[in-house]
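Close look at the chain arrangement
Below are the chains, spelled out letter by letter.
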Amino acid sequence: QVQLVESGGGLVQAGGSLRLSCAASRSILDINTMAWYRQAPGKQRELVAAATIGTTNYADSVKGRFTISRDNAKNTVYLQMNSLKLEDTAVYYCNALGSSRFGPGPWWGQGTQVTVSS
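Keep in mind that what you see is a predicted model, and the values were worked out from it rather than measured. (Residues numbered from 1 in each chain as written. Predicted model: local features only at pLDDT ≥ 70, side-chain atom pairs only at ≥ 80, totals over all residues. Heavy atoms only, no water.)

For the rest of this paragraph, the subject is the nonpolar core. Residues L4, M34, W36, L79, M81 and Y92 are the most contacted members of the largest nonpolar core, which totals 31 residues. For this core, the secondary-structure elements that each account for two or more residues are β3 (18–24), β4 (33–39), β5 (46–52), β7 (66–71), β8 (76–81), β9 (90–97) and β11 (112–117). (Core = buried A, V, L, I, M, F, W, Y, C linked by side-chain atoms within 4.5 Å. Buried < 20%, exposed > 50% of the residue type's maximum accessible area, 1.4 Å probe, protein only. Helix = DSSP H or I, 4+ residues; strand = E, 2+ residues; numbered from the N terminus.)

Structurally, M81 can be placed in strand β8. Expressed as a C-alpha distance, the spacing of M81 and L20, which sit 61 residues apart in the sequence, is 7.9 Å. If we skip the residues at most four places from it in the chain, M81 touches G16, S17, L18, L20, R65, F66, Y92 and V114. (Contact = heavy atoms within 4.5 Å.)

Side chains on a regular strand alternate between the two faces of the sheet. Pairing of β4 with β5, which is carried by 5 bridges, proceeds in the antiparallel orientation. In the strand pairing of β5, M34 is matched with A51. What sits between the antiparallel neighbours β4 and β5 is a turn of 6 residues, in which G42 has the positive phi angle 75°. Summarising the sheet, β5 and strand β6 (residues 55–58) pair through 4 bridges and their orientation is antiparallel. Bridge assignment links A50 to a residue of β6, and that residue is N57. (Pairing = 2+ DSSP bridges.)

So, on to the sheet that holds β7. Across the sheet, which stays open at both edges, the 4 strands sit in the order β1-β3-β8-β7 with antiparallel pairing between neighbours. Since the sheet does not close on itself, it has two edges, and those belong to β1 (4–7) and β7, each with one partner. Each neighbouring strand pair of the sheet contributes to a mean axis angle of 15°, computed without reference to strand direction. Relative to β8, β3 runs antiparallel, the two sharing 6 bridges. Following the sheet pairing, A23 is matched in β8 by T76. (Axes fitted to C-alpha atoms, helices over the stretch in contact; angles between N-to-C directions.)

Note that the residue after G105, namely P106, is joined by a cis bond; omega there is 5°. Here the phi dihedral of N75 falls at roughly 55°; this positive angle occurs in a residue that is not glycine. Looking at the element boundaries, N75 is found in the loop between β7 and β8. With a phi close to 50°, S83 is a non-glycine residue in the positive phi region.

Okay, the side chain of S99 next. For S99, the position within the fold is in the loop between β9 and β10 (107–108). When its relative accessible area of 9% is taken as the criterion, S99 is described as buried. Contact partners of S99, with chain neighbours within four places excluded, come to D30, I31, N32, P104 and W107.

This part covers the pattern of salt bridges. Summed over the entire model, instances satisfying the criterion amount to 5 salt bridges. Among the salt bridges present, the one from D30 reaches R101, with a minimum N-O distance of 2.7 Å. Of this pair, D30 sits in the loop between β3 and β4 while R101 sits in the loop between β9 and β10, placing them 71 residues apart in sequence. Among the residues examined, D30 registers a relative accessible area of 24% and is labelled partly exposed. Judged by relative accessible area, which is 56%, R101 ranks as exposed. The salt bridge partner of D88 is R65, with a shortest N-O separation of 2.8 Å. Linking D88 in the loop between β8 and β9 with R65 in the loop between β6 and β7, this pair joins segments that are 23 residues apart in sequence. On the accessibility criterion, R65 (10% relative accessible area) is buried. (Salt bridge = Lys/Arg side-chain N within 4 Å of Asp/Glu carboxyl O.)

Laid out in structure tokens, this is it:
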């Protein structure tokens, strides 16, 4: 089992920045994919960004604004969010998927609220 704890959400004005953190209870070196998802009210959960060893992928809506990174030494994954827009308002969830050591997953964090105001 892998436990994930997100932090860093909050209220920010449009155009501002936030950095989300996801602390894992196990070594993320042993996890294939770490990702961030989000779910806005009335909408389905969607993939925002994903990081495997050596590659990253982003939703088109956040490309050029968001950056996902892995700090293997701290077992933490970050999501740097810049130039935030009203439509970025959502609950953001950390996700871990695939580990030869811990099992297939997926594992989810409890979520952190991001609210972008005008």
